[in-house]
Amino acid sequence: MEYYLVKWKGWPETTNTWEPSRNLKCPLLLEQFYNDQRDYLSQLKQGKAVMLKNDIKSLKPAIAEYVVKKAKQRVALQRWQEELNRKKNHKGMIFVENTVDLEGPPLDFYYINEYKPAPGINLTNEAIVGCMCTDCFFEKCCPAEAGVHLAYNKKRQIKIQPGTPIYECNSRCKCGPDCPNRIVQKGTPYSLCIFRTSNGCGWGVKTLVKIKRMSFVMEYVGEVITSEEAERRGQLYDNKGITYLFDLDYESDEFTVDAARYGNVSHFVNHSCDPNLQVFNVFIDNLDTRLPRIALFSTRTIHPGEELTFDYQMKGSGDVSSESIDLSPAKKRVRTVCKCGSVSCRGYLN
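Residues numbered from 1 in each chain as written. Predicted model: local features only at pLDDT ≥ 70, side-chain atom pairs only at ≥ 80, totals over all residues. Heavy atoms only, no water.

The protein is annotated in an unreviewed UniProt entry as Histone-lysine N-methyltransferase of Phascolarctos cinereus. Entered under Sequence similarities (unreviewed entry) in the UniProt record, the comment concerning the protein runs "Belongs to the class V-like SAM-binding methyltransferase superfamily. Histone-lysine methyltransferase family. Suvar3-9 subfamily." What the UniProt record of the protein gives under Catalytic activity (unreviewed entry) is the line "L-lysyl(9)-[histone H3] + 3 S-adenosyl-L-methionine = N(6),N(6),N(6)-trimethyl-L-lysyl(9)-[histone H3] + 3 S-adenosyl-L-homocysteine + 3 H(+)". (UniProt positions renumbered as here; feature names shortened; annotations may be inferred.)

Written as structure tokens, this is what we have:
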């Protein structure tokens, strides 16, 4: 008779018991149990399928250790997924998936929905003026007051060129929540999955639904710091081979967004030299041109299961510059090798 060592939900491991298969009413857990064994043996055989014998008397210690670690990882990732969905304030759901290795949730990452100012930095998030429109498509709305065109068409797709700022209606405007000029402020509308990549790029983000071209996908948020502080942190990040600094250089280079510890789903979006997301500067309640919000829009149709990427050297101006992300006005530091694999790969992230 087969016996299984069972960890009971809500009870410590000291209360684990050996149970015959007839006592187990958890087909999904048993399926995961056998799948984890096969995964481990497949890794040993470098991807070749391995059949488990039905008459196996006991698990080898290495297999048992892997199965236990995989089960604990699955629980940890599920809890993290639940935490992310509790904290997010947008419509789209967040899922987490790791079928590649035993990496669990990041230990020093805190989910936020908007910029987090560092001590000494004041983010004024209350507009002082708004439009009086009844139909923002046809009247002199917020973009016109700022001297630019309305950014969106009637299908809520962006129609302006990269480098042109987006001015959305704000909290002072008389138009309602269904105004066609309120897109970025509503947050990510798509269900996305944070997943472990198989090409050595760590975590990545893929869409679970079809995203039409020129559609808003997500904001890039993090801790707002001075450019001087960004230079100091950049030296540390270079030594670790990580890149999370985004200069807010729409009009000046006083501030930088650091998404290393504080951020949203965009924290996990990888770089590509041939990306499917484009950067735009956005102004809503805060009209300080030194502090634009950073929005990522699709450049083409993105299909379910496809990874989302943007160019880490891309500026809000639409240009690709060596002084965009992870580079302050100081000069280049350690160069980070690019693993995007695209035909147009430049070889480095910076």
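Asker: Tell me about the sheet that holds strand E15 (residues 277-283), and name the residues and values.
Answerer: Read from one edge to the other, the open sheet built from 4 strands follows the order E6-E15-E16-E9, with strand pairing classed as mixed. The sheet is open, and its two edges are formed by strand E6 (166-167) and strand E9 (216-220), each paired on a single side. Relative to strand E16 (residues 293-298), E9 runs antiparallel, the two being bridged by 4 bridges. Across the sheet, the residue bridging to Phe 216 is Phe 297, located in E16. (Pairing = 2+ DSSP bridges. Helix = DSSP H or I, 4+ residues; strand = E, 2+ residues; numbered from the N terminus.)

Asker: Provide a residue-level description of the side chain of Ser 342, including the pertinent values.
Answerer: On the secondary structure map, Ser 342 appears in the segment after strand E17 (309-310). Apart from the residues lying within four places of it in its own chain, the contact partners of Ser 342 are Ser 272, Cys 273 and Asp 274. (Contact = heavy atoms within 4.5 Å.)

Asker: Lay out the confidence of the model for the protein in plain terms, naming residues and giving numbers.
Answerer: The predicted coordinates ought not to be read in detail in places where the model reports low pLDDT. A residue-level look at the protein finds 90% of positions with pLDDT of 70 or above and a mean pLDDT of 88. Long-range and interchain partners of residues 47-52, a stretch whose pLDDT sits below 50, account for 11 contacts in this model, where long-range means more than four residues apart. Predicted confidence for residues 321-332 stays below pLDDT 50, and this span has 37 contacts to residues more than four positions away or in other chains. (pLDDT = per-residue confidence, 0-100.)

Asker: If you had to explain the nonpolar core to someone new, which residues and values would you point to?
Answerer: Counting 51 residues, the largest nonpolar core has Leu 308 and Phe 310 as its most contacted members. Sequence-distant contacts of Leu 308, defined by excluding residues within four places in its chain, comprise Leu 192, Val 205, Lys 206, Thr 207, Ile 211, Val 217, Met 218, Val 269, Asn 270, Asn 276, Leu 277 and Ile 302. Counting 14 residues, the second-largest nonpolar core is a separate cluster that includes Tyr 152, Ile 166, Val 184 and Phe 216. (Core = buried A, V, L, I, M, F, W, Y, C linked by side-chain atoms within 4.5 Å. Buried < 20%, exposed > 50% of the residue type's maximum accessible area, 1.4 Å probe, protein only.)

Asker: Can you lay out unusual backbone geometry for me, pointing to particular residues and giving the numbers?
Answerer: For Arg 156, which is not glycine, the phi dihedral falls at a positive 65 degrees. Inspection of the secondary structure puts Arg 156 in the loop between helix H3 (142-145) and E6. Unlike most non-glycine residues, Met 214 shows phi in positive territory, near 65 degrees. Here Met 214 shows up in the loop between strand E8 (203-207) and E9.

Asker: I'd love a proper account of a nonpolar patch on the surface, names of residues and values included.
Answerer: Taken together, Met 1, Tyr 3, Leu 5 and Trp 18 make up a surface patch of nonpolar side chains, about 540 Å² in accessible area. With respect to the helices and strands, the residue Leu 5 is situated in strand E1 (residues 3-6). (Patch = residues over 30% accessible without salt bridge, like charges linked within 9 Å, V, L, I, M, F, W, Y side chains within 5 Å. Areas by Shrake-Rupley, 256 points an atom, 1.4 Å probe, with all protein chains shown as cover. Salt bridge = Lys/Arg side-chain N within 4 Å of Asp/Glu carboxyl O.)

Asker: Before we move on, could you go through the packing of aromatic side chains and cite the residues and values that matter?
Answerer: The relative placement of two aromatic rings is captured by the distance of their centres and the angle of their planes. All told, the structure shown has 16 aromatic pairs when counted by the stated rule. Considering the side-chain rings of Tyr 220 and Phe 246, the 5.5 Å spacing of their centres and the 45 degrees angle between planes classify their relative orientation as tilted. A residue pair is termed long-range when its members are at least 10 positions apart, and Tyr 220 in strand E9 and Phe 246 in strand E11 (residues 245-248) qualify at 26 residues. Among the residues examined, Tyr 220 registers a relative accessible area of 3% and is labelled buried. The class for Phe 246 is buried, based on a relative accessible area of 1%. A connected cluster of aromatic rings, assembled from ring pairs, spans Trp 80, Phe 109, Trp 203 and Phe 268. Above the face of the Trp 203 ring, Arg 196 is positioned so that its terminal group lies 5.2 Å from the ring centre. Over the face of the ring belonging to Phe 195 we find Lys 206, whose NZ or CZ atom lies 5.1 Å from the ring centre. (Phe/Tyr/Trp six-rings, centres within 6.5 Å; stacked < 30°, edge-to-face > 60°. Lys NZ or Arg CZ within 6 Å of the ring centre and 35° of its normal.)

Asker: For the environment of Asn 98, give the residues involved together with the corresponding values.
Answerer: You can see Asn 98 is positioned in the loop between strand E3 (94-97) and strand E4 (110-111). From its side chain, Asn 98 meets the backbone oxygen of Glu 103 in a polar contact 2.9 Å long. (Polar contact = N/O pair within 3.5 Å; in protein donor to acceptor, adjacent residues only side chain to side chain.)

Asker: So what about empty space enclosed by the protein? Which residues, and what values?
Answerer: Inspection of the entire model under this criterion finds 1 cavity of 30 Å³ or more. Considered as a void within the structure, the largest cavity measures approximately 50 Å³ in volume. Tyr 220, Thr 243, Tyr 244, Phe 310 and Tyr 312 are, among the 10 residues lining the largest cavity, the residues nearest its centre. Its residues assigned to classes, the lining of the largest cavity shows 7 nonpolar, 3 polar and no charged. (1 Å grid on protein atoms, 1.4 Å probe; cavity = no way out; pocket = protein on both sides within 12 Å on 5 of 7 lines; lining within 4 Å. Points joined across faces, edges and corners; volume = space filled by probe spheres on them. Nonpolar A, V, L, I, M, F, W, Y, C, P; charged D, E, K, R; others polar.)

Asker: Hey, could you go over the UniProt feature "binding site: Zn(2+) 1" (unreviewed entry) in the protein for me, with residue numbers and the actual values?
Answerer: In the numbering used here, UniProt assigns the "binding site: Zn(2+) 1" (unreviewed entry) feature to Cys 131, Cys 133, Cys 136 and Cys 141. Note on placement: Cys 133 falls in the loop between strand E5 (116-117) and H3. Assessed through its relative accessible area of 4%, Cys 133 is described here as buried. Here Cys 133 is in contact with Glu 139, Lys 140, Cys 141, Lys 174 and Cys 175, once residues within four sequence places are set aside. Topologically, Cys 136 is positioned in the loop between E5 and H3. Those residues within four positions of Cys 136 in sequence are excluded, and the remaining contacts are Cys 131, Cys 141, Leu 150, Cys 169, Cys 175 and Cys 179.

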